[in-house]
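# Summary of the model geometry
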Amino acid sequence: MSGLFITFEGGEGAGKSTVLQHVKDKLEKDGNPVIATREPGGSVIAEKIREVILDPAHTEMDARTEALLYAAARRQHLVETVIPHVKNGGIVLCDRFIDSSLVYQGGARGIGIDEVLQVNLFATEGMMPNLTLYYDVEPEVGLARIAEHKGREFNRLDQESLSFHHEVRKAYIHLQEREPKRIHTIDASQPFDIVLAKTLQEIEAVIEKKTT
Ligand code: TMP
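Here we summarise the structure given alongside this text. Model, not experiment: these values are computed from the prediction.

Conventions adopted
- Residues numbered from 1 in each chain as written.
- Predicted model: local features only at pLDDT ≥ 70, side-chain atom pairs only at ≥ 80, totals over all residues.
- Heavy atoms only, no water.
- Helix = DSSP H or I, 4+ residues; strand = E, 2+ residues; numbered from the N terminus.
- Rg over C-alpha atoms; globule rule 2.2 N^0.38 Å.
- Buried < 20%, exposed > 50% of the residue type's maximum accessible area, 1.4 Å probe, protein only.
- Areas by Shrake-Rupley, 256 points an atom, 1.4 Å probe, with all protein chains shown as cover.
- Pairing = 2+ DSSP bridges.
- Axes fitted to C-alpha atoms, helices over the stretch in contact; angles between N-to-C directions.
- Contact = heavy atoms within 4.5 Å.
- Polar contact = N/O pair within 3.5 Å; in protein donor to acceptor, adjacent residues only side chain to side chain.

## A closer look at the overall build of the protein
A count of helices and strands for the protein gives eight helices and five strands. The N-to-C order of helical and strand elements in the protein reads β-α-β-α-α-β-α-α-β-α-α-β-α. Taking 17 Å as the expected radius of gyration for a compact globule of 212 residues, we find that the protein reaches 16 Å, a close match to that expectation. Buried residues in the protein amount to 47% of all 212 residues. Accessible surface, the protein as shown: approximately 10400 Å² in total, 55% of it carbon and sulfur.

## Let's talk about the sheet that holds strand β4 (residues 131-136)
Spatially, five strands are ordered β2-β3-β1-β4-β5 in an open sheet, and the strand pairing comes out parallel. With partners counted over all chains shown, the strands left at the sheet margins are β2 (34-38) and β5 (183-187), one partner each. Each neighbouring strand pair of the sheet contributes to a mean axis angle of 20°, computed without reference to strand direction. Strands β1 (4-10), β2 and β3 (91-95) of the sheet are contacted by helix α3 (residues 63-87), whose axis makes an angle of about 160° with β2. In the packing of helix α8 (residues 192-211) onto the sheet, contacts are made with β1, β3, β4 and β5, and the angle to β4 comes to roughly 170°.

## What to know about the environment of tyrosine 104
Mapped onto the elements of the fold, tyrosine 104 is located in helix α4 (residues 98-108). Distance from tyrosine 104 to glycine 11, taken between C-alpha atoms, is 9.3 Å for residues 93 residues apart in sequence. When neighbours within four sequence positions are excluded, tyrosine 104 is seen to be in contact with Gly10, Gly11, Glu12, Arg96, Arg109, Phe164, Val168 and Tyr172. Among the polar contacts made by the side chain of tyrosine 104, one reaches the side chain of arginine 96 at a distance of 3.2 Å.

See the structure below:
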């Protein structure tokens, strides 16, 4: 029996990682075999690729090099972590996946969504999430939240301009319109409890659909 692959997407400071952790705790408490993972990373090799990509010193990294590294990390993470768990009937909650590449490298960096999709389809062999939750928030609000949480990792992408983050948001909205069945938007400007409740509703609906 195959399980479920659910991805969490959004711009900086949307709160998706915190929500994901709470969802994992709740699903676990309910007795579901669930793992939480993230991209870039989620396996030893992929975490090493993450360090190269996000190193604040790597300001000269070419946009296509970056896209290829994300795709390479994704491949390793899928093979080592995601696919085995899903094949065993488990639920994988993943902080970012293919849509992050389409949006950040394809949209905001200007390589083109469909070109980045081609590279990623090679990496994933066409495997897509059963459900993707997009946490939508104005970049000004997200970045202000990050500024409040000083303990968070500072990475190369935090150095980007506000207009870059607006391009990211535009690309997410475009992708959601392109794939409304898979990608569901959650208004992340709402209070945390509401965002969490809406997330659980969405996930419980796919679990139920699968088991009926
Ligand atoms: P995060 O840990 O805040 O999610 O940061 C990871 C950063 O990497 C974030 O700024 C988005 C970026 N990213 C891409 O540009 N492309 C990708 O494919 C992925 C997975 C992440």
